[in-house]
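In case you want the letters, here they are:
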Amino acid sequence: MASIKETIASSRKIVIKIGSNTLAKADGTINYDFLQNLSASCAALIAKGKQIVIVSSGAQVGGLSTISGWARRKDIHYRQALCAIGQVELIDKWRQAFNEKNLHIGQLLLTKDDFENDHRSLNIRNTLFTLVDEGVVPIINENDSVSIEEFSIGDNDNLSALTAILWSADLLVLFSDIDGVYTDNPKTNPKATIIESVPDVDELRKKIKIGATNSFGTGGIETKLQAAHKASGYGIPTILANGGKSDILTHLADGSEKATLFLADEDCLRRVLANK
C-alpha cells in the first residue's frame, strides 16, 4: 500500500485545492504569507518535472479584503458583486506570489455547465494542457459572480475533483483547516486518531461523523469525501491535509507530515494506466 510520500513522488500531474479557511487570515482577509509559502513549494515540485494546477477558493475573502464594508450584506447580488471584486484581488495575489518564483499563472473561471458541455470541457482540457506544458500554473475557481444554484458546482472540493478527472491528473490534494479524517472529532475527543489510509470512501462513511461547514468555507468533510470518491472512480488518489501548517506540501512530499490518503480504485487505476 503506497504512502503519501510515495504517492506524491510517483505523481507527475497534481491538482491542489485551497479552501477559503486555509487562504483566509483570522480577520477574513487573504493570507499572503500562505500564498508565498505554497508557491515556493509548488515551484520546487515543478523544478522536479511535476505539473501543478491550483483550484483556489477565496473570491469572497478577496472581496472583503478590498471592501470590508460589504461583510454583512447577504443579498445574493451583493455577494456575487463581492466575488467579482474579490476575484481580481485574489488572482493578483497569486500572480505576485508566483512571480517571486519566476512563474506565470493563468486564470480559469468555470461553472457546472462547462463540465457538462462536451465542447467546453474539451476546450478546458486543451487549455490546461497548453498552460502546464508551457510552465504556466493554472489558477481555477468557480465563476461565483454568474453562477446560480441551478448551474453551480457549489464547492471547490468537487470542482477540484472534476478538474483532476478532466485533466487526467495523477493526484488530487485537498488543503483545508483539518489534518485529515479522524476516527472522531479531535476537538471534543482527545482520543480521536487520524485515519492515514482510506481504501473505500463508502466504508469510511459508516465509521465517522459528518460535521457541519465552518467560517468562510462552503464545504465540509462531506464535500471532501464526495471529491475523493469522484477522483477514486477515475483512478486518482486524494490527499486531505491541513493547509495551514508551514511548508505543508514540502512536508507531505518528504513524508514528515501526517494526513489522510484516499486510495484510488485499483481496477480504475489499471484501466487508466493501460490507456496512457
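Our structure's up above, just so we're on the same page.
Bear in mind that the values here come from a model prediction, so they are computed numbers and not experimental data.

A separate point is the sheet that holds strand β3 (residues 105–110). In space, the eight strands of this open sheet follow the order β3-β4-β2-β1-β5-β7-β8-β6, with mixed pairing throughout. Because the sheet does not close on itself, it has two edges, and the strands there are β3 and β6 (197–198). Pairing analysis gives three bridges linking strand β7 (residues 238–242) to strand β8 (residues 260–262), with the strands arranged antiparallel. Opposite Ile239, over in β8, you have Leu261 as the bridge partner. Packed onto the sheet, helix α10 (residues 221–232) meets β1 (13–18), β5 (171–176), β7 and β8 and runs at close to 175 degrees relative to β5.

Attention now moves to helix α8 (residues 156–167). Between its first and last C-alpha, α8 extends 16 Å over twelve residues, near the 16 Å set by a 1.5 Å rise per residue. Counting buried positions along α8 yields eleven of twelve residues, so the element is predominantly enclosed. If you check which residues of α8 are buried, you get Asn156, Asp157, Asn158, Leu159, Ser160, Ala161, Thr163, Ala164, Ile165, Leu166 and Trp167. Its side-chain oxygen placed 3.1 Å from the backbone nitrogen of Asp157, Asp155 serves as the N-cap of α8. With its phi angle positive at about 60 degrees, Ser168 sits one or two positions after the end of α8.

A few words on the pairing of strand β2 (residues 51–56). Burial analysis of β2 places six of its six residues in the buried class, which makes it a mostly covered element. Neither face of β2 is left uncovered, since the one carrying Gln51, Val53 and Val55 and the one carrying Ile52, Ile54 and Ser56 both have all their residues buried. Bridge analysis of β1 against β2 gives six bridges, and the strand direction is parallel. Across the sheet, Val15 pairs through a bridge with Val53, a residue of β2. Of the strand pairs in this sheet, β2 and strand β4 (residues 137–142) are connected by two bridges, and their pairing is parallel. What sits directly across from Val55, in β4, is Ile140.

Two elements in contact, α8 and α10, have axes whose closest approach is 8 Å; the angle formed by their N-to-C orientations is 10 degrees. Accordingly, the angle class assigned to the pair α8 and α10 is roughly parallel. The residues of α10 that touch α8, namely those facing Asp157, Asn158, Ala161, Leu162 and Ile165, are Thr223, Lys224, Gln226, Ala227, Lys230 and Ala231. Partitioning the contact of α8 with α10 into residue classes produces five nonpolar, three polar and three charged.

Taken as a whole, this structure holds one aromatic pair when the rule is applied. Directly above the ring of Tyr32 sits Lys93, whose terminal nitrogen or CZ lies 5.8 Å from the centroid.

Applying the stated criterion across every chain, the model contains eleven salt bridges. Asp114 is paired through a salt bridge with Arg120; the nearest N and O atoms lie 3.4 Å apart. Of the residues examined, Asp114 reaches a relative accessible area of 12% and is grouped as buried. A salt bridge links Lys206 to Glu203; its shortest N-O distance comes to 3.1 Å. Taken together, the salt bridges that share partners define one network made up of Lys17, Asp157 and Lys224.

Here is what the cut-offs are and how they apply
Residues numbered from 1 in each chain as written. Predicted model: local features only at pLDDT ≥ 70, side-chain atom pairs only at ≥ 80, totals over all residues. Heavy atoms only, no water. Pairing = 2+ DSSP bridges. Helix = DSSP H or I, 4+ residues; strand = E, 2+ residues; numbered from the N terminus. Contact = heavy atoms within 4.5 Å. Axes fitted to C-alpha atoms, helices over the stretch in contact; angles between N-to-C directions. Expected span 1.5 Å × (residues − 1). Buried < 20%, exposed > 50% of the residue type's maximum accessible area, 1.4 Å probe, protein only. Polar contact = N/O pair within 3.5 Å; in protein donor to acceptor, adjacent residues only side chain to side chain. Parallel < 35°, antiparallel > 145°, perpendicular 65-115°, else oblique. Nonpolar A, V, L, I, M, F, W, Y, C, P; charged D, E, K, R; others polar. Phe/Tyr/Trp six-rings, centres within 6.5 Å; stacked < 30°, edge-to-face > 60°. Lys NZ or Arg CZ within 6 Å of the ring centre and 35° of its normal. Salt bridge = Lys/Arg side-chain N within 4 Å of Asp/Glu carboxyl O.

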